[in-house]
Amino acid sequence: MEVFLSIAHAAPGLLDFHVILAMIVGTAVGIAVGALPGLSATMGIAVLIPLTFTMEPLVALGMIAGIYNGAMYGGSIPAILLRIPGTPAGIATVFDGHEMAKKGKARLALDISLVSSSIGSAVSAVALLLIAPPLAVIALKFSPANYFWLAIFGMTTIAIMMAGNPEKGILSVCFGLCIGIVGIDTISGNERFTFGTVELLSGIHIVVLLTGLYAIPPAIDLFLGKNAIDTGGVDLGERSSGFPWPSLIPTWIRASGIGLVVGLIPALGGNIAALLAWQEERRHSKNKENWGKGEPAGLAAPECANNADTAATLIPALTLGIPGNAVAAVILGALLVHGLRPGPDLFRADADITYGFMLTMLVTSGLMFVIGKLGARAYVNVLRVPRQLLGPIIIVLTVVGIYAIHNSIFEVILMLVFGLIGFAMEKMSIPTAPAVLAVILGPIAEENFRRALLISGDNYWYLFKGPISITLVLLVVVALVSPWLPRLKLLRRKPKAASFEE
């Protein structure tokens, strides 16, 4: 009952003109960002954060919600029309979506994608509103030792699961931890890794890191990429007809469930949800031979699942401070920028903004349908924008946004340096999300570790006291050991080398 009262209390905030405008603009921009191959919701939000520094928190978060939802749908546009996934989650959309376009059903395919995306986003937003508050209440009972292990578990799972190999993920986490401890120690007051530089006394601003790692590398890729995408063969002149509403309802139900479950598990993401939904729906189909040849359900399932993943990834992020994917990590950075600390206290200290943000996720799922329906032709034209022109535009926007925060050239240079580091990390297949998560969770882990020792009188066994701590420790051990188990099995099965005598 208390949850519904909090939602009702926060709802009037969405009627503010600036919030409504922010959601509309964010959704439109998000669809455009998703429609451009090479760009993603992560990059769009990273570019936006510095520009929202002077906005009211709910206005900024409403725009971020619009970009997040819009970009997830926008990725289906080039996937359907050009066989180019606009976002990683659009990979499964290519299978049947592009085949429908080749058969002259491009408008129908876009409509199915739009409806499926809107339904998935709405279901995910409702789950966020209903699941996150009770989970936050449970998290309020955590001790400092529990929070320490929770932070360690979050960094461990993201490091292990998000990288191609665990070593690279752990390396990324270590990089983030080094960045997170720069500045003045809040407990002792000592300077750490400031190198005598006044600008580093307050630490490295999270927006500087986020913008550098997520906005600059795609801009460099665009600048070095092809000049434009050929869309001359795209024809949206036909009217959409024969929308298979009844047959897709079971598909939407199953795909929404898959997206929600995947979203709750850290490091999986919309691409995994989309592929699982496509495969599961194919398993239920009576016409398996039609899949991959333009089956409507084969398009509806992945689009619904990858959008049902969006708000679900924010459930552990808002309540526990553990983001489920790179976008959620960037959104945590946006919360910190606006003075909102992720965790269970977020639902007490800033309830109106928190519930308002969750409501914007629901509202923008509806706006996505309206804007996507009205602007189908416009978003196809977005694909014709010269990619070499987008790169410099993005870099200029990031430089202006970062400079506007503190009027600091030093932070602009630092952002560009992080951009080059992020570009190098991508080329070496080192994920950047674990680094961002370590910058956020590292200080939380350190603070609660030291607080636990102060409470216990430097008794390290206090860290292992209680069932929650023991459970989290076991989960950390499992996360660390699991990647190496297949390697041990392979070593055991490896035949012995033949001797020279043989």
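Residues numbered from 1 in each chain as written. Predicted model: local features only at pLDDT ≥ 70, side-chain atom pairs only at ≥ 80, totals over all residues. Heavy atoms only, no water.

Observations concerning unusual backbone geometry
Stage number 1. Although it is not a glycine, Ser429 adopts a positive phi angle of roughly 60°.
Stage number 2. Among the secondary structure elements, Ser429 is positioned in the loop between α21 (409–427) and α22 (433–456).
Stage number 3. For Ser429, a relative accessible area of 48% translates into the label partly exposed.
Stage number 4. Look at Asp458: it is not a glycine, yet its phi comes out positive at around 65°.
Stage number 5. Take Asp458: it is sitting in the loop between α22 and α23 (467–481). (Helix = DSSP H or I, 4+ residues; strand = E, 2+ residues; numbered from the N terminus. Buried < 20%, exposed > 50% of the residue type's maximum accessible area, 1.4 Å probe, protein only.)

Comments concerning the side chain of Thr27
Stage number 1. With respect to the helices, strands and loops of the structure, Thr27 is situated in helix α2 (residues 17–35).
Stage number 2. Exposure remark for Thr27: the relative accessible area of 0% places this residue in the buried category.
Stage number 3. Beyond its immediate sequence surroundings of up to four residues, Thr27 is in contact with Gly66, Ile67, Gly70, Thr364, Leu367, Met368 and Ile371. (Contact = heavy atoms within 4.5 Å.)

Remarks on the packing of helix α10 (residues 206–214) against α21
Two measures define how a pair of helices packs: the angle their axes make with one another and the distance between the axes.
Stage number 1. Where α10 contacts α21, the axes come no closer than 7 Å and their chain directions differ by 40°. Relative to α21, the element α10 is oriented oblique. Seen along the crossing, α10 lies across α21 with a hand that is right-handed. Facing Val208, Leu209, Thr211, Gly212 and Leu213 of α10, the residues of α21 in contact are Glu411, Leu414, Met415, Phe418, Gly419 and Gly422.
Stage number 2. Taken together, the residues of the contact of α10 with α21 break down into six nonpolar, four polar and one charged. (Axes fitted to C-alpha atoms, helices over the stretch in contact; angles between N-to-C directions. Parallel < 35°, antiparallel > 145°, perpendicular 65-115°, else oblique. Left-handed = near helix turned anticlockwise from the far one by under 90°. Nonpolar A, V, L, I, M, F, W, Y, C, P; charged D, E, K, R; others polar.)

A few points about the pattern of salt bridges
Stage number 1. Summed over all chains, the structure comprises six salt bridges.
Stage number 2. Among the ionic pairs, Arg254 bridges to Glu281, the shortest N-O distance being 2.6 Å. Here the residue Arg254 occupies a position in helix α12 (residues 245–264), and Glu281 occupies one in helix α13 (residues 270–284), the gap between them amounting to 27 residues.
Stage number 3. Of the charged contacts in the structure, one is a salt bridge between Glu446 and Arg450, with a shortest N-O distance of 3.0 Å. (Salt bridge = Lys/Arg side-chain N within 4 Å of Asp/Glu carboxyl O.)

Brief notes about the confidence of the model for the chain
Stage number 1. On average, the chain scores 79 in pLDDT, and the residues at 70 or more come to 85%.
Stage number 2. Across the chain, the element-wise mean pLDDT spans from 60 in helix α24 (residues 485–493) up to 90 in α21.
Stage number 3. Here residues 226–232 is a poorly scored stretch, pLDDT under 50, and it has 15 contacts once near neighbours within four places are set aside; other chains count.
Stage number 4. Long-range and interchain partners of residues 497–502, a stretch whose pLDDT sits below 50, account for zero contacts in this model, where long-range means more than four residues apart. (pLDDT = per-residue confidence, 0-100.)

Observations concerning the packing of aromatic side chains
Stage number 1. Counted according to the given criterion, the structure contains seven aromatic pairs.
Stage number 2. Geometrically, the ring pair formed by Phe148 and Phe449 is tilted, given 5.2 Å between the ring centres and 45° between the ring planes. Taken together, the residues span a long stretch of sequence, with Phe148 in helix α8 (residues 144–162) and Phe449 in helix α22 at a distance of 301 residues.
Stage number 3. Since its relative accessible area comes to 24%, Phe449 is described here as partly exposed.
Stage number 4. Judged by centre distance (5.9 Å) and plane angle (55°), the ring pair of Trp461 and Phe464 falls under tilted.
Stage number 5. Here Trp461 falls in the exposed class, since its relative accessible area comes to 68%. (Phe/Tyr/Trp six-rings, centres within 6.5 Å; stacked < 30°, edge-to-face > 60°.)

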